[in-house]
Amino acid sequence: MTWKGGGGKRYHVYTAHGSPLPFSRPVNESLFEGNPDTFGDLWKSFVAALVEAEKSGTRQVAIERSSVDRAVYSAVIGYGAAVDIFNAGNRGGPGSFLEMVIGPVLAMLTGRPESGALRLKVPGSADETELIPVDLTYIDDEEPIVLVVPTKISSRERISQAAVHQRILDAIGGPGRYRSILCLANENNVMPERGVPKAERTAERCFARDTLVPGTIALYQKYIAKLYGLYYLDPPFEYITGKYSNLPPIRNFGNLLTSDLPGLLQVE
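Attention in this report is confined to the structure presented alongside it. (Residues numbered from 1 in each chain as written. Predicted model: local features only at pLDDT ≥ 70, side-chain atom pairs only at ≥ 80, totals over all residues. Heavy atoms only, no water.)

What to know about helix H4 (residues 159–173)
For H4, with 15 residues, the first-to-last C-alpha span of 21 Å sits near the 21 Å given by 1.5 Å per residue. Close packing links the buried residues of H4 with strand E5 (118–121), strand E6 (129–132), strand E8 (146–149), strand E10 (178–184), helix H5 (214–223) and strand E13 (229–232). A positive phi of about 95° marks Gly174, the residue just after H4. (Helix = DSSP H or I, 4+ residues; strand = E, 2+ residues; numbered from the N terminus. Expected span 1.5 Å × (residues − 1). Contact = heavy atoms within 4.5 Å.)

So, in structure tokens, the structure goes:
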């Protein structure tokens, strides 16, 4: 598929054999491992690194960042591509699968149980509580920092949810105790070439690009709440190279597992 975004990336799509429609979401050729045997070896190495990190308590996997990115990207986007082709009506599946991958991975590395929504006591109230419906949370009652991890295939307009939830957590729990990082797959979007009828929008007559909202993210970061990082499986070129200012830290997902996680759990 033609790529009209930044960074000179290369993408392809999949279709069912013998049919041009429907086609899958764009797949980044530098990240996706399509050979089953090679992917199996890649995934086994990733799992082995997770198990070793869990045993040692280091909170970091001792493999290359790129290996983490390729393993998780291939699993998540491979599943998403299959859903696109064979179960096109199930739009929530890939997002749920992303959460199902990230949830236990971070539980292993943090040594904390994976949980979800937070119920917090309202300050100054005897028994009133509020339920904040965040995706993933990691709590250790003996540690001061709670890690909050919303997950999305892409942010687009949904970036507001993570920021608003963080603002509520700051108001109820106090600034600094709850730290939100947003884990995402990508910001890819598929568009048809001008004038192509809907029934003829095959992969050859469409193109892929990033849909970016840096101004919106910067406004939320400045005026709503501070996010501690956006971690992408396939980060937009303009975000990862620092083209835009006043954004949260934007990193590859592999950076979270190979270097960044210990610092996120430490008091500043």
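Digging into the packing of aromatic side chains
Summed over the entire model, instances satisfying the criterion amount to 7 aromatic pairs. Between Trp43 and Phe46, the aromatic rings sit 5.3 Å apart at their centres with planes inclined by 65°, giving edge-to-face as the arrangement. Of this pair, Trp43 and Phe46 are both found in helix H1 (residues 36–56), 3 residues apart, which corresponds to roughly one turn of the helix. Its relative accessible area of 27% is what places Trp43 among the partly exposed residues. An aromatic cluster of three or more residues is present, and its members are Phe39, Trp43 and Phe46. The ring of Phe207 has Lys4 sitting right over it, with the charged end atom 4.3 Å from the ring centre. The ring centre of Tyr178 lies 5.4 Å from the NZ or CZ of Arg177, which sits over that ring. (Phe/Tyr/Trp six-rings, centres within 6.5 Å; stacked < 30°, edge-to-face > 60°. Buried < 20%, exposed > 50% of the residue type's maximum accessible area, 1.4 Å probe, protein only. Lys NZ or Arg CZ within 6 Å of the ring centre and 35° of its normal.)

Some thoughts on the sheet that holds strand E12 (residues 206–210)
Here we have 3 strands laid out as an open sheet, ordered E1-E12-E11, and mixed in their pairing. One side of each edge strand has no neighbouring strand; the edge strands of this open sheet are strand E1 (2–3) and strand E11 (188–192). Bridge count for E1 against E12 is 2 bridges, and the pairing is parallel. Note that in E12 the partner of Trp3 across the bridge is Ala208. (Pairing = 2+ DSSP bridges.)

Some thoughts on the packing of H4 against H5
A packed helix pair is summarised by two numbers, namely the angle formed by the two axes and the spacing between the axes. Close contact between H4 and H5 brings their axes to 10 Å; oriented N to C, the two are set at 5°. The angle between the axes of H4 and H5 places the two elements in the roughly parallel class. Counting all contacts with H4, which are made through Ile159, Ser160, Ala163 and Arg167, the residues of H5 involved are Thr216, Ile217, Tyr220 and Tyr223. Grouping the amino acids of the contact of H4 with H5 by side-chain chemistry returns 5 nonpolar, 2 polar and 1 charged. (Axes fitted to C-alpha atoms, helices over the stretch in contact; angles between N-to-C directions. Parallel < 35°, antiparallel > 145°, perpendicular 65-115°, else oblique. Nonpolar A, V, L, I, M, F, W, Y, C, P; charged D, E, K, R; others polar.)

Observations concerning the side chain of Ser74
Positionally, Ser74 belongs in helix H2 (residues 65–86). Of the residues examined, Ser74 reaches a relative accessible area of 5% and is grouped as buried. A distance of 3.3 Å separates a polar atom in the side chain of Ser74 from the backbone oxygen of Leu31. Not counting the four nearest positions on each side in its chain, Ser74 is found in contact with Leu31, Phe32, Glu33, Phe39 and Tyr79. (Polar contact = N/O pair within 3.5 Å; in protein donor to acceptor, adjacent residues only side chain to side chain.)

Digging into the nonpolar core
In terms of nonpolar packing, the biggest core is built from 47 residues, with Val149, Phe253, Leu256 and Leu257 touching the most fellow members. Among the elements that take part in this core, helix H3 (residues 93–110) stands out by supplying 7 residues, more than any other. Not counting the four nearest positions on each side in its chain, Val149 is found in contact with Ile102, Leu106, Asp135, Leu136, Tyr138, Ile181 and Cys183. Within the second largest apolar cluster, 12 residues are counted, among which are Leu230, Tyr232, Leu247 and Ile250. (Core = buried A, V, L, I, M, F, W, Y, C linked by side-chain atoms within 4.5 Å.)

Description of the pattern of salt bridges
A full pass over the atoms with the stated rule returns 8 salt bridges. Lys4 is the partner of Glu193 in a salt bridge, and the nearest nitrogen-oxygen pair spans 3.4 Å. Taken together, the residues Glu193 in the loop between E11 and E12 and Lys4 in the loop between E1 and strand E2 (11–12) connect sequence positions 189 residues apart. A residue is classified by how much of its surface remains accessible, and Glu193, at 29% relative accessible area, is partly exposed. Between Glu200 and Arg205 there is a salt bridge, with the nearest N and O atoms lying 2.7 Å from each other. Glu200 sits in the partly exposed class, given a relative accessible area of 39%. (Salt bridge = Lys/Arg side-chain N within 4 Å of Asp/Glu carboxyl O.)

Brief notes about unusual backbone geometry
Here Leu21 and Pro22 are connected by a cis peptide whose omega angle stands at -5°. Along the chain, Pro22 falls in the loop between E2 and strand E3 (27–28). With phi around 65°, Arg59 is a residue other than glycine that occupies positive phi space. Along the chain, Arg59 turns up in the loop between H1 and H2. On the basis of relative accessible area, Arg59 is assigned to the partly exposed category, the value being 23%. Of note, Asn246 is a non-glycine position whose phi angle comes to about 65°, a positive value. Judged by relative accessible area, which is 59%, Asn246 ranks as exposed.

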